[in-house]
Structure formats: structure tokens, C-alpha cells
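# Notes for the structure review
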Amino acid sequence: VLVEPELGGRPQASAATYERGVRLLLGKKAINVEKNVLEGSFETTRTCWGLDLDTSGTGSVRLPERRILKGAYLLADPAYDPGNRQLTLQELQRVRGTAQSWVPVVPAVRVELKAIDRFLAPSAGQWVTPRGPPEEAEEAWKELWASLEALRLLCARPEAVSDTPLRAHATGRK
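This section reports on the structure supplied with the text.

Thresholds, definitions, all that
- Residues numbered from 1 in each chain as written.
- Predicted model: local features only at pLDDT ≥ 70, side-chain atom pairs only at ≥ 80, totals over all residues.
- Heavy atoms only, no water.
- Helix = DSSP H or I, 4+ residues; strand = E, 2+ residues; numbered from the N terminus.
- Buried < 20%, exposed > 50% of the residue type's maximum accessible area, 1.4 Å probe, protein only.
- Contact = heavy atoms within 4.5 Å.
- Areas by Shrake-Rupley, 256 points an atom, 1.4 Å probe, with all protein chains shown as cover.
- Axes fitted to C-alpha atoms, helices over the stretch in contact; angles between N-to-C directions.
- Left-handed = near helix turned anticlockwise from the far one by under 90°.
- Nonpolar A, V, L, I, M, F, W, Y, C, P; charged D, E, K, R; others polar.
- Salt bridge = Lys/Arg side-chain N within 4 Å of Asp/Glu carboxyl O.
- Pairing = 2+ DSSP bridges.

Secondary structure assignment for the protein chain yields seven helices and four strands. When the elements of the protein chain are put in sequence order from the N terminus, they spell out α-α-β-β-β-α-α-α-α-β-α. A total of 174 residues make up the protein chain; the buried ones form 32% of that total. Long-range contacts, defined here as pairs at least 24 residues apart, represent 57% of the contacts in the protein chain between residues at least 6 apart. If you sum the accessible surface of the protein chain, you get close to 11300 Å²; carbon and sulfur atoms cover 55% of it.

Encoded structure:
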């Protein structure tokens, strides 16, 4: 996806320069011309990497509704209920990956990911356990359950997963 201001032939010049560079580096057949005809047109709205981008006006990025619904469905599993300590590594990896994909639109999700990360390590048994000293385990579980509830709330309130200006991505600020 090329993001360029629509000034004269700048988008087309940018695409041509990109394609030339790819061909020089990877060979003449590196660009799939047929796919480019289907998907390579210049538009102001596009889904890229699972996010809806809108480059018209001030520009924005948002989570498509299907991504929010995927998270809601996943987090509705009783495995993520407060008090449950029978979570597998794969269950936590699923929710971690889903929430990670929300970060470009809701940067505050990074905080919730830290609570999940404490559990993302192979454990001796079937169920995950938090890394760190045993005396901190109870607090780690409470933080995990609070983070999972915060993620559930985001899914329940799609308006909270609002547009983020594209400019924020270029500057690192929202």
C-alpha cells in the first residue's frame, strides 16, 4: 500500500518507482501484473493488514467491525473469565494476537498486553503460570483478569475503537 498525497502524478510516479526497484532487486517477474490489475488501483479507502485506511481528508485508520466481533467472540469463552486459572498457552496466545492487532487503532491496549505477556512462557504443567517470584503470582492473575475484562469492554463498545488519525501513526502521537 502506497500512501501518497494526490498531487499531479505523484501516486503513479511513486508506484512506478517502487515497481522498478522491486524488479531490479528481485527480477522481472517479481510483480504479479494480473493481481496488480485487480488490487493495484489508487483509492482513498482500503483494507490493509486487517485495518481500514481512509486517506481522504485528514485520513484515519479503524478496526473493521469483523475484527471487533472476532475479539468479542474469542473473549466470550469462559476460559477468560475472572477466577479461572486453567488457561493454556495457546488460549493466551490467541487473545494476545487478537489484541495486538488492535494497537494501531487503540494504542492503550499495549498496557493490557503486558499483563498477558507475564504468562507467555512454557510452564511445567498443562496450565500457564505467571513468570516472576511466587509471592507476585496472585497479583499477576488479578492483572490478567482485569486486562481481559478491559478487552471485553472494548468489544462491547465499538465506538471506543474509533478512528485514529493517520498523522498519529507518522508522528507516533494520537
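Between helix H5 (residues 109–117) and helix H6 (residues 137–156), the least distance of the axes is 8 Å, while the angle of their chain directions is 145°. Note that H5 runs across H6; the crossing there is left-handed. Within the contact between the two elements, H5 uses Val-109, Glu-112, Ala-115 and Ile-116 and H6 uses Glu-143, Leu-144, Ser-147, Ala-150, Leu-151 and Leu-154. Its residues assigned to classes, the contact of H5 with H6 comprises seven nonpolar, one polar and two charged.

Moving on to the pattern of salt bridges. Evaluated as defined, the whole model comprises six salt bridges. The salt bridge involving Glu-138 is made with Arg-85; its shortest N-O contact spans 2.6 Å. Taken as a pair, Glu-138 in helix H6 and Arg-85 in the loop between helix H3 (65–75) and helix H4 (89–100) lie far apart in primary sequence, 53 residues in all. One salt bridge connects Arg-152 with Glu-149, and the closest N-O pair in it is separated by 2.6 Å. Of this pair, Arg-152 and Glu-149 both sit in helix H6, separated by three residues, roughly a single helical turn. What you see here is one network of salt bridges that share partners, running through Asp-81, Glu-149 and Arg-152.

A word on the pairing of strand S2 (residues 51–54). What you see with S2 is a clean split: Leu-51 and Leu-53 sit on the buried side and Asp-52 and Asp-54 on the side with no burial. Two elements, strand S1 (residues 45–48) and S2, share four bridges in a ladder whose sense is antiparallel. Looking at S2, one finds that Cys-48 is bridged to Leu-51. Between S1 and S2, which pair antiparallel and follow one another directly, the connecting turn spans two residues, one of which, Trp-49, has a positive phi of 55°. When S2 meets strand S3 (residues 60–62), the two strands line up antiparallel, connected through three bridges. If you follow Asp-52 over to S3, its bridge partner there is Arg-62. In this antiparallel pair of consecutive strands, S2 and S3, the connection spans five residues, and Gly-57 shows a positive phi of 60°.

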